[in-house]
Amino acid sequence: MSTGTKTSLTATSEILIPAMIAERVSATARPGSKLGLVINNADNELIAYLNTEQVYDRKTEGDPTFNDSVDLSSRLKHGHNSFVILGINRGGPAHYVGQLTLDGKVLLSMTFGLPSTPNGVVASWVAEITVS
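The structure displayed is predicted, hence computed values, not measured ones. (Residues numbered from 1 in each chain as written. Predicted model: local features only at pLDDT ≥ 70, side-chain atom pairs only at ≥ 80, totals over all residues. Heavy atoms only, no water.)

J.: Help me understand the pairing of strand 9 (residues 120-131) in this model?
T.: Consecutive side chains of a regular strand alternate in pointing toward one face of the sheet and then the other. Counted residue by residue, strand 9 has nine buried out of twelve residues, so it is predominantly covered. Pairing of strand 1 (residues 21-29) with strand 9, which is carried by nine bridges, proceeds in the parallel orientation. Within the sheet, the bridge partner assigned to Ala22 lies in strand 9 and is Ser124. Summarising the sheet, strand 6 (residues 79-89) and strand 9 pair through eleven bridges and their orientation is antiparallel. Counterpart to Val84 in the pairing with strand 9 is Val126. (Buried < 20%, exposed > 50% of the residue type's maximum accessible area, 1.4 Å probe, protein only. Helix = DSSP H or I, 4+ residues; strand = E, 2+ residues; numbered from the N terminus. Pairing = 2+ DSSP bridges.)

J.: Is there a simple way to explain the side chain of Ser33 in this structure?
T.: Tracing the sequence through the fold places Ser33 in the loop between strand 1 and strand 2 (35-43). Within the structure, Ser33 has its side chain in polar contact with the side chain of Asp103 (distance 3.0 Å). Among all residues touching Ser33, those that are not within four sequence positions of it are Ser73, Leu76, Leu102 and Asp103. (Polar contact = N/O pair within 3.5 Å; in protein donor to acceptor, adjacent residues only side chain to side chain. Contact = heavy atoms within 4.5 Å.)

J.: Can you help me understand the packing of aromatic side chains in this one?
T.: Each aromatic ring pair is described using two quantities: the centre-to-centre distance and the angle formed by the ring planes. Counted under the stated rule, the structure contains two aromatic pairs. On the basis of an interplanar angle of 20° and a centroid distance of 5.9 Å, the ring pair of Tyr96 and Phe112 is categorised as stacked. With Tyr96 in strand 7 (residues 94-102) and Phe112 in strand 8 (residues 105-114), the pair connects residues that are 16 residues apart, well separated along the chain. Its relative accessible area of 0% is what places Tyr96 among the buried residues. Aromatic side chains Tyr96 and Trp125 sit 6.5 Å apart centroid to centroid with 75° between the ring planes, which places their arrangement in the edge-to-face category. Pair noted here: Tyr96 is in strand 7 and Trp125 is in strand 9, with a separation of 29 residues, a long-range link. For the pair shown, Tyr96 and Trp125 are each scored as buried. Three or more aromatic residues joined by ring pairs make a cluster, and in this case those are Tyr96, Phe112 and Trp125. Here Arg58 stacks its cationic end above the ring of Phe66, 3.9 Å away from the centre of that ring. (Phe/Tyr/Trp six-rings, centres within 6.5 Å; stacked < 30°, edge-to-face > 60°. Lys NZ or Arg CZ within 6 Å of the ring centre and 35° of its normal.)

J.: Please explain the pattern of salt bridges as it appears in this structure.
T.: Opposite charge on two side chains permits pairing when their charged atoms draw close. Counted under the stated rule, the structure contains seven salt bridges. The shortest N-O distance in the salt bridge between Glu128 and Arg24 comes to 2.9 Å. In this pair, Glu128 is assigned in strand 9 and Arg24 in strand 1, connecting sequence segments 104 residues apart. Take Glu128: its relative accessible area is 16%, and that puts it in the buried class. Residue classification places Arg24 among the partly exposed positions, given a relative accessible area of 41%. Across the salt bridge formed by Glu53 and Arg75, the nearest N and O atoms sit 2.6 Å from each other. One end of the pair, Glu53, is in strand 4 (residues 53-59); the other, Arg75, is in the loop between strand 5 (68-71) and strand 6, with 22 residues separating them in the sequence. Classification of Glu53 by relative accessible area gives partly exposed; the value is 39%. Look at the salt bridges and you will find they share partners, linking Glu45, Asp57, Lys59 and Arg90 into a network. (Salt bridge = Lys/Arg side-chain N within 4 Å of Asp/Glu carboxyl O.)

So, in structure tokens, the structure goes:
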């Protein structure tokens, strides 16, 4: 699910984002691999990019639970792929729950929650995926 204005990331080799939690993983995939994103909580916002293209954005208030699912398989390219997801808070509690899966296996388990955080990016997850 994507709402709002599309944006893109620009980076030379690595994106450095100050956050309260930051996780980075690497994986190798084969052509035709399945890449999926499932988001269940995004208070206040989760925004995701694959190869600098925005592929997901959800803004919420009051921490609702939902089941957003995005198939990213067709967006994987041969060679290096970079997936970045940012948790953004606008005051008060922050809560994010989701998973990035590659061929049905969890590549990133995105779970984060605090009763109060500063405004801005409070969580970031990165998956570097090489398709060969």
